[in-house]
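# Reading the structure
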Amino acid sequence: MSDFESFRREAGSQVVQPDFDDLVATSRRRRRTAAVSAVVAVAAVVGVVAFGLQGFGDQAAPVTPVGPSLSPTPTPAPTPDTPPSPDEPAPRLTATQVVNDRNARIVSVAVSDRFTAAKAVIWGYCVDRRCDQQEFAVTVTGDDFKTAQDIAIPVGSRYLTPRVGEVGSDVFYVSTDSTGFLVDTAGRVTDVTISKAARPMTSAEVLVIASDRYTYVGLNPTTGAAHPVPLPAGGEVGGLEQNPDGTLLGVARTSGPKYSNSVVWSQDGGATWSEHQLFKGGSLVSTIESASTEPILAVVQGADGATLMPFDTVHRSTDGGTTWQTFDESPDEMAYLGWSLIIPDGSLLVHIDGWSDGRIGRPSQHPIGLYLSDGENWADLRYVQDLPASSDPRSLTSGFTLGDYAATSSGELRLWIYDYNGDSLFESGPDIHTWAEAPAR
């Protein structure tokens, strides 16, 4: 799982139209199927909150992934006796030093659906005070971090943040600014190679994103072989997801004097595509991830002129796209969406990250946090609870993002969320009403 939100944009009082793929990435945190996005945009309520944009300078030259490296105990980063010259490149930390540094921050999380003790967490470390240079490493475990393997992540571009997603019960895909690589819980690394020819996906493949090209590819998690997936002609496709039943679901936007949005889906791995035109509503559209085995297709559509995803309208089909329902989600104050998820019983779970009537020193009358629909009535959402730890109900935003999710054989949903300003990972208890801090390294 869809979702994982590292970059802040400066909103201030200026309205900024977000990039189409950036927008899709804000609610993209599903790591099992489609879910490794290369650029993650997190912004603020327009005219309400101003966030500082974190600068990214030139990175050190990419290196080959290194591993495995057993790291049961933290290893402190080296502290030079004298500070390095500004003209000299900062020394490269080892993967274990990046993972265990007290100033490192969680960047992305993936958890195995079948065996939740198998996890992968990407940590980022700012080499300098301005964070113009960052180093990244992924730590993987098969026993909830009683033991772990740390792998360096070669990232040479200052614009891309690596992401991790589950592609097998103990195999994870790590995106880089090249094609990415696979790593299993034993620390074994397999390079991903992408062929040039596009062809439909098979049942043995999963959907991921090749970060350097923003290309949707079908990946074989055993061999590391991948290929582009055929997409609908005549439009830009974003936010492509692979639902549990194998359906590919995305949003197509055609350019011109006026943008036109459509829901597109394929039930045969991209060989053929169907389309549902969205004639009304705003130009910001994002797919809704699903943890349900039912054939539910859903997207959220937001109004124009916002840097955070407005939770305005939801479109849903429960019959494979034959008919569609529309739900009005913000009839009064506008809610802003952090992420959304269809849970196993078909209900809609959303994380509201802010409200349009919130002001500094005078928060909204509506709490931020999790809201759950009344079964299949997605227009009726009730507040579940606030998020754990540092989530302040008086705050304008929650500070948490969805790392991953998994549904048990009995249909119970488990969530893993993390504080994108810190180093804390939390796991939900039964019925997502309780939270406990979980090991992340």
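Reading the values: the criteria
Residues numbered from 1 in each chain as written. Predicted model: local features only at pLDDT ≥ 70, side-chain atom pairs only at ≥ 80, totals over all residues. Heavy atoms only, no water. Disulfide = S-S within 2.5 Å. Pairing = 2+ DSSP bridges. Helix = DSSP H or I, 4+ residues; strand = E, 2+ residues; numbered from the N terminus. Axes fitted to C-alpha atoms, helices over the stretch in contact; angles between N-to-C directions. Buried < 20%, exposed > 50% of the residue type's maximum accessible area, 1.4 Å probe, protein only. Core = buried A, V, L, I, M, F, W, Y, C linked by side-chain atoms within 4.5 Å.

### Let's talk about the state of the cysteines
Taken as a whole and assessed by the stated rule, the structure comprises one disulfide. The disulfide bridge from Cys126 ends at Cys131, spanning 1.9 Å between sulfur atoms. Across the disulfide from Cys126 to Cys131, rotation about the S-S bond amounts to roughly -70°, and the bridge is consequently left-handed.

### Quick word on the sheet that holds strand β28 (residues 400-407)
An order of β28-β29-β30-β31 is seen for the four strands of this open sheet, with the pairing classed as antiparallel. The open sheet has two free edges, formed respectively by β28 and β31 (435-438), since each of these has just one partner strand. Each adjacent strand pair in this sheet contributes to an overall mean axis angle of 30°, direction not counted. In this sheet, strand β30 (residues 425-428) lies alongside strand β29 (residues 413-419) in antiparallel orientation, the contact comprising three bridges. Pairing of Tyr418 across the sheet is with Leu425, part of β30.

### Digging into the pairing of β29
Buried residues dominate β29, accounting for six of its seven residues. Across seven bridges, β28 lies against β29 in antiparallel orientation. Counted as the bridge partner of Tyr405 is Leu415 from β29. Where β28 folds back on β29, the antiparallel hairpin that results is connected by five residues, among which Gly411 adopts a positive phi of roughly 95°.

### Overview of the nonpolar core
Core analysis: the largest hydrophobic core is formed by 22 residues, its most contacted members being Ile106, Val109, Val121, Trp123, Tyr418, Leu425 and Ala440. Among the secondary structure elements, those contributing two or more residues to this core are α2 (95-100), β3 (105-111), β4 (119-126) and β29. Counting residues in hydrophobic clusters, the runner-up holds 19 residues, among them Leu284, Met309, Phe311 and Ala335.

### As for the pairing of β3
The element β3 is largely enclosed, with a buried count of six among its seven residues. One ladder, built from six bridges, connects β3 with β4; its direction is antiparallel. Each bridged residue has a counterpart across the sheet, and for Arg105 the counterpart in β4 is Gly124.

In short, shape yes, function no, at least from these values alone.
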